[in-house]
Amino acid sequence: MASSPLSFLLLAFSPLLFFSLQTLAQAPAPSSEGPLNFTGILLKGGQYTTFLRLLNDTQVGNQIVTQLNSSSEGLTVFAPTDNAFNNLKAGTLNSLSRQDQVNLILYHVLPKYYTLDDLLTVPNPVRTQYSNDGLNFTGQGRQVNVSSGVVETQINNALRQESPLAVYEVDSVLLPPTLFGVKPPASAPAPAKTPATSGDKTTPTAAGPSSDNSKGDSSKTSVGLGLFFGLGIACMAALF
């Protein structure tokens, strides 16, 4: 029985079709995760409005995204909650210059990816993106505390803990010592100078009558009275 043209074509292309299907099966599936959305992690948490605003105003948010795409070390971010910012003294953020606000946010970023276990073993202080000040980590087990030297708080929740980015929730704003350190007390004002007084000179005072003068005057009065009475008696004797 003669083979039809269709059967011939199927036999000819069968090896090629088999090879194509095998290649597709071995190819990796495209990633469904897409680019890492840092701000989306905070938005999903629902209680980081102030932190998100500062990330946007200071452009540190864009810096974090750029660094995640260019660095092999990854990043670790500590995200203060809205309550953490509300617990600051009134007017604290507004009293900071724009550069100080940038430094404050950079202080919440470590230039390397750390798990919670890593933070318990890393040598203190740990360098931050605000290079003037570092952070110190203590704790045991799954409890990790972070201290700036001005404030200490517990790391309560991991919003993300997967390389290249770790994001941890904190209930206090981490205050850098160079921006919020205890300042030395102001020196006491110098005492007011009193008018100069001459060393040995004293103000003369009016001298009262001396006791000797008083006695002399009383003696003179007594003598005068005695003469007066004596003359009176003599005159009376002459008349009689």
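Residues numbered from 1 in each chain as written. Predicted model: local features only at pLDDT ≥ 70, side-chain atom pairs only at ≥ 80, totals over all residues. Heavy atoms only, no water.

By the naming in an unreviewed UniProt entry, the protein goes by FAS1 domain containing protein and is assigned to Trema orientale. What UniProt states about the protein under its Sequence similarities (unreviewed entry) heading is, verbatim, "Belongs to the fasciclin-like AGP family." (UniProt positions renumbered as here; feature names shortened; annotations may be inferred.)

Engineer: So what exactly am I meant to see when it comes to the overall build of the protein here?
Structural biologist: Counting its regular elements, the protein contains 9 helices and 7 strands. Counting all 240 residues of the protein, 30% fall into the buried class. Of the contacts made within the protein by residues no fewer than 6 positions apart, 64% connect residues no fewer than 24 positions apart. Accessible surface for the protein amounts to roughly 16600 Å². Of this, 58% is attributable to carbon and sulfur atoms. (Helix = DSSP H or I, 4+ residues; strand = E, 2+ residues; numbered from the N terminus. Buried < 20%, exposed > 50% of the residue type's maximum accessible area, 1.4 Å probe, protein only. Contact = heavy atoms within 4.5 Å. Areas by Shrake-Rupley, 256 points an atom, 1.4 Å probe, with all protein chains shown as cover.)

Engineer: Would you mind going over helix α6 (residues 98-106) with me for this structure?
Structural biologist: In an α-helix there are 3.6 residues to a turn, and that puts residues three or four apart on one side. Every buried residue belonging to α6 is among Q101, V102, N103, L104, I105 and L106, and all of these are buried. Contact partners of the buried residues in α6: α3 (49-57), α4 (60-70), β2 (109-110) and α8 (177-180).

Engineer: For this particular structure, what's the right way to read the confidence of the model for the protein?
Structural biologist: Any segment with low pLDDT has predicted coordinates that should not be analysed in fine detail. Looking at the protein, the pLDDT average stands at 77 and 61% of residues meet or exceed 70. Highest mean pLDDT in the protein belongs to strand β1 (residues 75-80) (98); lowest belongs to helix α1 (residues 5-26) (49). Long-range and interchain partners of residues 23-33, a stretch whose pLDDT sits below 50, account for 1 contact in this model, where long-range means more than four residues apart. Confidence drops under pLDDT 50 across residues 198-215; counting only partners more than four residues distant or on other chains, this segment forms 1 contact. (pLDDT = per-residue confidence, 0-100.)

Engineer: What should I look at first to understand the packing of aromatic side chains in this one?
Structural biologist: Aromatic ring pairs are defined here through the distance separating the ring centres and the angle between the ring planes. Applying the stated criterion across every chain yields a total of 3 aromatic pairs. Their ring planes at 85 degrees and their centres at 6.4 Å tell us that Y107 and Y130 sit as a pair that is edge-to-face. Taken together, the residues span a long stretch of sequence, with Y107 in the loop between α6 and β2 and Y130 in the loop between β3 (126-127) and β4 (134-140) at a distance of 23 residues. Residue Y107 is classed as buried on the basis of its relative accessible area of 0%. (Phe/Tyr/Trp six-rings, centres within 6.5 Å; stacked < 30°, edge-to-face > 60°.)

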